[in-house]
Amino acid sequence: MNNEIFSRLINLFSMLGLSVEEGAYARAEAAAYACAAQAVLAEMENTEKNLFIDSAGTQGLALFLNLIGKNHGESDEKTRELVVDSVSKGFSTGSMAAFEHALRGLGEGTEYEADGSRLVLKPDTSSADEGFAEKLSDFLRDYAPAFSRVEIDGGGSDFAARDAAGRRWFELDGYNMPFSVIDSL
């Protein structure tokens, strides 16, 4: 148990007029709180340590390696060098081929324009099937983070068409797309 946390809690409890003598319930409660706070503090310190490659332990190194798609080196120090070298060269978890393959999943006629951080999708809605919104949702989940703005080049649909689709608001809210995109479908 962290004695500093415990002593601060004991002082606080006594200022509140609670009995903190040996055997008192308030003292036991303060001890339990101190143990829980110590566990949380230790986990936060571990998380902070693993955020930085210089101090990352086994768990942190595994996360960095997973991010860049590499295997552990001969030692932790060699692994750190591998991570720093890989990241300094630039890395990406996606490829243009994977992006275009996923785009074709929206329909063969789907086109796009990428202008800096803006992505404009031009789906061929004439061949859109019942699951188009779900496919678009998955596509945006996987590829929209690379862009700060995503638009759909479409005229939208009227209320009657949306009502006939039978989707409730919470289903639409579950899609990985803002309502500005849903409105343009």
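Please refer to the structure placed before this passage.
Residues numbered from 1 in each chain as written. Predicted model: local features only at pLDDT ≥ 70, side-chain atom pairs only at ≥ 80, totals over all residues. Heavy atoms only, no water.

The next point concerns the pattern of salt bridges. According to the stated counting rule, one finds two salt bridges in the structure shown. Notably, a salt bridge pairs K122 with E113, separated by 2.5 Å at the nearest N-O pair. Residue K122 is classed as partly exposed on the basis of its relative accessible area, which comes to 25%. Classification of E113 by relative accessible area gives partly exposed; the value is 41%. (Salt bridge = Lys/Arg side-chain N within 4 Å of Asp/Glu carboxyl O. Buried < 20%, exposed > 50% of the residue type's maximum accessible area, 1.4 Å probe, protein only.)

Helix length check: helix α6 (residues 132-143) (twelve residues) gives 16 Å between terminal C-alpha atoms against 16 Å at 1.5 Å per residue, within 8%. Here α6 has its buried residues at F132, A133, L136, S137, F139, L140 and Y143. Take α6 and look down its axis: the buried residues cluster within an arc of 165°, on one side only. (Helix = DSSP H or I, 4+ residues; strand = E, 2+ residues; numbered from the N terminus. Expected span 1.5 Å × (residues − 1). Arc of directions from axis to C-beta.)

Another point: helix α3 (residues 58-68). Buried within α3 we find G60, L61, F64, L65 and I68. Along the long axis of α3, the arc covered by the buried residues comes to 135°, so they all point the same way. Pointing more than 90 degrees away from the buried face of α3 are the exposed residues T58, L63 and N66. At its buried positions, α3 is contacted by α2 (25-51) and α4 (76-88). Positive backbone phi, at 70°, marks G69, one or two positions downstream of α3. (Contact = heavy atoms within 4.5 Å.)

This brings us to a nonpolar patch on the surface. A surface patch of nonpolar side chains, about 440 Å² in accessible area, is lined by L12, M15, L16 and L18. One can find L12 in helix α1 (residues 3-15). According to the relative accessible area criterion, L12 is partly exposed, its value standing at 41%. (Patch = residues over 30% accessible without salt bridge, like charges linked within 9 Å, V, L, I, M, F, W, Y side chains within 5 Å. Areas by Shrake-Rupley, 256 points an atom, 1.4 Å probe, with all protein chains shown as cover.)

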